[in-house]
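A structural walkthrough
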Amino acid sequence: MAGAARRRDGHVTQERMLEEAMAAIAENGLATLTMSALAERLGTSGGHILYYFGSKDLLLLAALRWSEAALAEERRALLGRRLAAERKLDLFLRLYLPHGPRDPRWTLWIELWARTPANASLREAQQELDNGWQEDLEALVATGVAQSRFAPLDATEVTERASELLALLDGLSTRVVLGPEEGRDRRPALEAARAAAARLIVRA
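The structure reproduced in this document is the subject of the present report. (Residues numbered from 1 in each chain as written. Predicted model: local features only at pLDDT ≥ 70, side-chain atom pairs only at ≥ 80, totals over all residues. Heavy atoms only, no water.)

1. Here we look at the packing of aromatic side chains
Working definition: an aromatic ring pair is given by the centre-to-centre distance plus the angle between the planes. Short version of the rule: When two rings of Phe, Tyr or Trp (its six-membered ring) have centres within 6.5 Å they constitute a pair, described as stacked for plane angles under 30 degrees, edge-to-face for angles over 60, and tilted for the intermediate range. Exposure classes here rest on a 1.4 Å probe applied to the protein chains alone. A residue is buried below 20% of its type maximum, exposed above 50%, and partly exposed in between. Two thresholds decide whether a charge sits over a ring: the Lys NZ or Arg CZ must be within 6 Å of the ring centre and within 35 degrees of the ring normal.
Evaluation of the coordinates by the stated rule reveals six aromatic pairs. Aromatic pair Trp106 and Trp113: ring centres 5.7 Å apart, planes at 65°, arrangement edge-to-face. Taking relative accessible area as the criterion, Trp106 reaches 1% and is therefore assigned buried. A network of ring pairs unites the aromatic residues Phe92, Tyr96, Trp106, Trp109, Trp113 and Trp133 as a single cluster. Sitting over the ring of Trp133, Arg75 keeps its end group 4.1 Å from the ring centre.

Here it is as structure tokens:
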């Protein structure tokens, strides 16, 4: 999380801007987040925010990168823990799925997906962030296979199963954030993810 909200010169730090943008999205959704509204929350000017990010789109992308960087650290820590592969996989699923319908990270992801077809920079950013999850899940599964905790899979199969599971997690996550009101519950999504993981990465 951010440290002091302002530097000694009185300007709001970039990290604080990103932190507050995520908080605003969680509270009121993305549609109400404007540069002027964010500036008011921070007690600064819209021009100050634009100086650092250039546009709302770039601010949102920076906020998503900031959020994903924190999750990448959590994934690395998870992979390094001395836990059974099955437990690590379950924790990975929990880390990936949204906390609920107001999860700001997933709100940003869905917005990014909608804009990527017409924006090469966004497509590259999406691929970069997706690759991090893919690589870490492959590493987790490969270790489980090597320890005979999962069914025997060769390197190609590990990649394929990881991709399939992540695609399913994306669908479940989108349903939690955008689905019918009665479907916006993380718990059924987590159970469905666990069932899919059991089918795709069967225990030996």
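2. Observations regarding the environment of Arg186
Rule in force here: By the criteria applied, helices consist of DSSP H or I runs no shorter than four residues and strands consist of E runs no shorter than two, each listed in order from the N terminus. The contact rule is simple, with two residues in contact once any of their heavy atoms fall within 4.5 Å. In the analysis that follows, any N or O atom pair within 3.5 Å is treated as a polar contact, provided that within protein one partner can donate a hydrogen and the other can accept it, and provided that, for residues neighboring in sequence, both atoms belong to side chains.
Within the secondary structure layout, Arg186 lies in helix 9 (residues 186-200). For the pair Arg186 and Leu172, spaced 14 residues apart in sequence, the C-alpha separation works out to 8.9 Å. Once you skip the residues sitting within four places of it in the chain, Arg186 turns out to touch Arg94, Leu97, Pro98, His99 and Val176. Reaching out from Arg186, the side chain makes a polar contact with the backbone oxygen of Arg94 at a distance of 3.0 Å.

3. Here's the deal with the environment of Leu78
Note that Leu78 resides in helix 4 (residues 56-80). The spacing of Leu78 and Leu137 is 59 residues in sequence and 11 Å in space, taken between C-alpha atoms. In this structure, Leu78 is in contact with Leu83, Lys88, Leu91 and Phe92, ignoring residues within four places of it in sequence.

4. Observations regarding the packing of helix 1 (residues 14-28) against helix 3 (residues 46-53)
Convention followed: A fitted line through C-alpha atoms serves as each axis, taken over the contacting stretch for helices, and the angle formed by two N-to-C directions is quoted from 0 to 180°. An angle below 35 degrees is treated as roughly parallel, one above 145 as roughly antiparallel, one from 65 to 115 as roughly perpendicular, and anything else as oblique. In this count, Pro and Cys sit with the nonpolar residues alongside Ala, Val, Leu, Ile, Met, Phe, Trp and Tyr, while Asp, Glu, Lys and Arg are called charged and the others, Gly among them, polar.
Running from amino to carboxyl end, helix 1 crosses helix 3 at an angle of 105°, the nearest separation of the two axes being 11 Å. Here helix 1 is positioned roughly perpendicular relative to helix 3, judged by the angle of their axes. Contact residues: Gln14, Met17 and Leu18 in helix 1; His48, Ile49, Tyr52 and Phe53 in helix 3. Classifying every residue of the contact of helix 1 with helix 3 by side-chain character gives five nonpolar, two polar and no charged.

5. What to know about helix 1
Threshold: Every helix has an expected span of 1.5 Å times one less than the residues it contains.
Spanning 15 residues, helix 1 covers 21 Å between terminal C-alpha atoms, matching the ideal 21 Å at 1.5 Å per step. Taken together, the buried residues of helix 1 touch helix 2 (35-42), helix 3, helix 4 and helix 6 (104-115). Gly29 occupies a position one or two residues after helix 1 and carries a positive phi of about 85°.

6. Remarks on helix 9
For an α-helix, 3.6 residues make a turn, and residues three or four places apart therefore share a direction. Worth spelling out the cut-off: Of all possible arcs, the one meant is that of the directions from the helix axis to the C-beta atoms.
Look at helix 9: 21 Å from first C-alpha to last across 15 residues, which is about the 21 Å you get at 1.5 Å a residue. Residues of helix 9 that are buried include every one of Arg186, Ala189, Leu190, Ala193, Ala196, Ala197 and Leu200, and no others. The buried residues of helix 9 occupy an angular sector of 125° when projected down its axis, which confines them to one face. Residues Arg187 and Arg199 are exposed on helix 9 and point more than 90 degrees away from its buried face. Looking at the buried residues of helix 9, the elements they touch are helix 5 (85-96) and helix 8 (155-178).

7. Examining the side chain of Thr107
The topology assignment puts Thr107 in helix 6. A relative accessible area of 16% places Thr107 in the buried class. When residues no more than four places from it in sequence are discounted, the contact partners of Thr107 are Ile25, Leu30 and Val177.

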